[in-house]
Amino acid sequence: MSLDLDRLPEEELGSWGMLQRARCRVLRPRSREELVAQVAELSCRERPFALRGGGNSYGDPAQLDGGFVLDLSGLDAVLDWQPEQGRISVEPGLSFEGLWRRVLPEGWWPAVSPGTMKVTMGGAAAFDVHGKNHFRAGSFRDHVLGLELLTPAGETLHLSRQHDPDLFAAVLGCGGLLGIITRLDLRLHRLHGGRVAVRPLAVASFEEMVTVFEREIASVDYAVGWHDLLAAGEARGRGIIHLARYPEAGEDPEGEAYLDPARHALPARLFGIWPMAWLWPLLGLTLNVPGMRLVNALKMRSGRRAERRGEFLEPLALFHYLLDQVPNWKRAYRPGGLIQFQSFVPVATAAETFMSLAGICHRHGMPPFLCVTKRHRETDALIGYARDGYSQALDIRVAPGHEAAVERLCRELEERVFAAGGALYLAKDAMLRPSGLRAFLDADRLDRLAALKRRLDPAGLLRSDQAARLEIP
């Protein structure tokens, strides 16, 4: 029985940053068979469609205004689990939360994870996500053993590093434009316990951040920095670095107890009183320059105290997913929304570039309310973003009616990043233009993507608002 696509009601979908909206007809398959039938119907009728998972992209890669969207979040099964080897096969809609809760009791953890557990496996593969351990473990692609790809024409391809390695490498990071991933075979990380040993260090500047990272990363598994960009004068760029390592066997006396997912439950109430689900209105009261200066000053003071106390043990879920403690925290940015400008620059230019980006934001009257830095290694991905260097993620509020001003800010930020030999992260992009994409992705890479697109999707059915905005082939 054929599906009447034209009778599907339109729905409004939005970006995670709450800025881009699209009217789409949404299909929600609940099985692989249903997915295959829906793709066949879309292909037969030559109806363009985009792919969507958890909807966690800051920008617009998971929507298609006026078109169709395949929401894969219902395909969230674990297809095969081999705890002896730490290998698992999953459907694309499984979230990181679903993954770690399944594997933690048997002593495993995702080898790479982004900063929220709400991201799906399909989305992680589509944009080759990274975590706080990129310098050591690489990105998501480095732990994918194989995948199954459904093309818009209905062909099923089984890809790996041994079988069609070029296509395998291209699919991981192409933004979901080459086909629908229906199965991912993943390699996990072995644990001795469910906690990490965390060591906080205060730094006075981006220069010191680079010095500390370069000195310490050989001996840790994770490293992430938070920076205060609202401090005045020479204090701007100060921050707290958190270095973390997996304890050795027997080092954490309660480590095995923390293999129980229940020990990783995020707190339901702040100080046992205020419901965390309703903390975002309180956060909204601080999302202004005076409020965030106070918050940042308190965070610096707290970080320095923590440094004096030394290394401590923290549950893995709390270390990885700090922002998930506050459900719907992005609502604090209403009315309007937010963008995250995440740039990647080489080691040699990182400190100077990051300080320059902060100055540009202040000059435009839009200082970032959150700044996070991470260390990275070079990637060979076709649509790659990482450099042997550092990333800086800036959360910038977008007030209603100020979208054009934010775009002007982004143009200047982009110019500075590209001049430093840097790149941007398409998973979080909301403002980039075609010329910007081509400033850090050479023509050869885009030509190779276009050739693969013609091979797998000759009718050009797989699209997205982001792909249209960036004129990706």
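See the structure shown above.
Residues numbered from 1 in each chain as written. Predicted model: local features only at pLDDT ≥ 70, side-chain atom pairs only at ≥ 80, totals over all residues. Heavy atoms only, no water.

Caption draft 1: Geometry of the nonpolar core. Residues Trp 109, Phe 140 and Leu 184 are the most contacted members of the largest nonpolar core, which totals 109 residues. Within the second largest apolar cluster, 16 residues are counted, among which are Leu 35, Leu 42, Phe 68 and Leu 72. (Core = buried A, V, L, I, M, F, W, Y, C linked by side-chain atoms within 4.5 Å. Buried < 20%, exposed > 50% of the residue type's maximum accessible area, 1.4 Å probe, protein only.)

Caption draft 2: Seen up close, unusual backbone geometry. Pro 335 follows Arg 334 through a cis peptide bond whose omega is -10°. The topology assignment puts Pro 335 in the loop between helix H9 (316-320) and strand E17 (337-346). Phi angles above zero are rare outside glycine, and Asp 128 is one such case at about 50°. Structurally, the position occupied by Asp 128 is in the loop between helix H3 (121-126) and helix H4 (134-137). Residue Asp 128 is classed as buried on the basis of its relative accessible area, which comes to 4%. (Helix = DSSP H or I, 4+ residues; strand = E, 2+ residues; numbered from the N terminus.)

Caption draft 3: Broad picture of the environment of Gly 389. Among the secondary structure elements, Gly 389 is positioned in strand E19 (residues 389-398). Judged by its relative accessible area of 0%, Gly 389 falls in the buried class.

Caption draft 4: Layout of the side chain of His 320. Looking at where His 320 falls in the secondary structure, it is placed in helix H9. The buried category is assigned to His 320, whose relative accessible area is 3%. A distance of 3.3 Å separates the side chain of His 320 from the side chain of Tyr 222, its partner in a polar contact. (Polar contact = N/O pair within 3.5 Å; in protein donor to acceptor, adjacent residues only side chain to side chain.)

Caption draft 5: Summary view of a nonpolar patch on the surface. Taken together, the side chains of Ile 273, Trp 274, Trp 278, Leu 282 and Leu 285 make up a nonpolar region of the molecular surface, amounting to roughly 570 Å² of accessible area. For Leu 285, the position within the fold is in helix H7 (residues 280-286). A relative accessible area of 63% means that Leu 285 is categorised as exposed. (Patch = residues over 30% accessible without salt bridge, like charges linked within 9 Å, V, L, I, M, F, W, Y side chains within 5 Å. Areas by Shrake-Rupley, 256 points an atom, 1.4 Å probe, with all protein chains shown as cover. Salt bridge = Lys/Arg side-chain N within 4 Å of Asp/Glu carboxyl O.)

Caption draft 6: Here's a closer look at the environment of Trp 329. With respect to the helices and strands, Trp 329 occurs in the loop between H9 and E17. You can call Trp 329 buried: its relative accessible area is 13%. When neighbours within four sequence positions are excluded, Trp 329 is seen to be in contact with Trp 16, Tyr 58, Trp 280, Leu 283, Leu 323, Leu 338 and Asp 395. (Contact = heavy atoms within 4.5 Å.)

Caption draft 7: Geometry of the environment of Val 69. For Val 69, the location among the structural elements is in strand E4 (residues 68-71). Through-space distance from the C-alpha of Val 69 to that of Val 417 is 33 Å; in sequence the pair is 348 residues apart. Look past the residues within four positions of Val 69 in its chain and what remains in contact with it is Leu 13, Cys 24, Arg 25, Val 26, Leu 27, Ala 50, Arg 52, Ala 62, Gln 63 and Leu 64.

Caption draft 8: Molecular detail of helix H11 (residues 403-419). The terminal C-alpha atoms of H11, which comprises 17 residues, lie 24 Å apart, in line with the 24 Å expected from a rise of 1.5 Å per residue. If you check which residues of H11 are buried, you get Ala 405, Val 406, Leu 409, Cys 410, Arg 411, Leu 413, Glu 414, Val 417 and Phe 418. In this fold, the buried residues of H11 make contact with E17, helix H10 (347-363), E19, strand E20 (423-424) and helix H12 (434-440). Just downstream of H11 lies Gly 421, where phi reads positive at about 80°. (Expected span 1.5 Å × (residues − 1).)

Caption draft 9: The arrangement of the pairing of strand E12 (residues 222-227) in detail. Extensive coverage of E12 is indicated by the burial of 6 of its 6 residues. Burial along E12 is two-sided: the face carrying Tyr 222, Val 224 and Trp 226 and the face carrying Ala 223, Gly 225 and His 227 are both buried. Bridge count for E12 against strand E13 (residues 239-245) is 6 bridges, and the pairing is antiparallel. Opposite Val 224, over in E13, you have His 242 as the bridge partner. Pairing between E12 and strand E18 (residues 370-375): 3 bridges, direction antiparallel. Considered in E18, the bridge of Trp 226 is made with Val 372. (Pairing = 2+ DSSP bridges.)

Caption draft 10: Highlighting the side chain of Gln 342. Looking at the element boundaries, Gln 342 is found in strand E17. Here Gln 342 falls in the buried class, since its relative accessible area comes to 3%. Of note is the side chain of Gln 342, whose polar atom sits 3.5 Å from the side chain of Ser 391.

Caption draft 11: Expanded view of the sheet that holds E20. Strand order in the open sheet made by the 8 strands is E16-E11-E13-E12-E18-E19-E17-E20, with antiparallel pairing throughout. In the strand order of this sheet, the two ends are held by strand E16 (312-315) and E20, each with one partner. Lying on the sheet, H10 is in contact with E17, E18 and E19; it crosses E17 at an angle near 150°. (Axes fitted to C-alpha atoms, helices over the stretch in contact; angles between N-to-C directions.)

Caption draft 12: Molecular detail of a positive patch on the surface. Taken together, Arg 301, Arg 304, Arg 305, Arg 308 and Arg 309 make up a surface patch of like positive charges. When you line up the elements, Arg 301 lands in helix H8 (residues 289-309). (Lys, Arg positive; Asp, Glu negative; His and termini not counted. Charge placed at Lys NZ, Arg CZ, Asp CG, Glu CD.)

Caption draft 13: Layout of the sheet that holds E4. Taken in spatial order, the 4 strands line up as E1-E2-E4-E3 in an open sheet, and their pairing is mixed. Two strands bound the open sheet, and with one partner strand each, they are strand E1 (10-14) and strand E3 (49-52). Each adjacent strand pair in this sheet contributes to an overall mean axis angle of 50°, direction not counted. As judged from the 5 bridges shared by E1 and strand E2 (residues 21-27), these two strands associate in the antiparallel manner. For Leu 13, the partnering residue across the bridge sits in E2 and is Ala 22. Sheet contacts for helix H1 (residues 32-44): E2, E3 and E4; angle to E4, the most-contacted strand, approximately 165°.

Caption draft 14: View of the pattern of salt bridges. Tallying each qualifying case throughout the model produces 33 salt bridges. One salt bridge connects Glu 97 with Arg 101, and the closest N-O pair in it is separated by 3.3 Å. Taken together, the residues span about one helical turn, with Glu 97 and Arg 101 both in helix H2 (residues 96-103) at a distance of 4 residues. Two residues, Arg 455 and Asp 164, come together in a salt bridge whose shortest N-O distance is 2.7 Å. Of this pair, Arg 455 sits in helix H13 (residues 443-456) while Asp 164 sits in the loop between strand E9 (156-160) and helix H5 (165-171), and the two are 291 residues apart along the sequence. What you see here is one network of salt bridges that share partners, running through Arg 195, Asp 252, Glu 254 and Arg 263.

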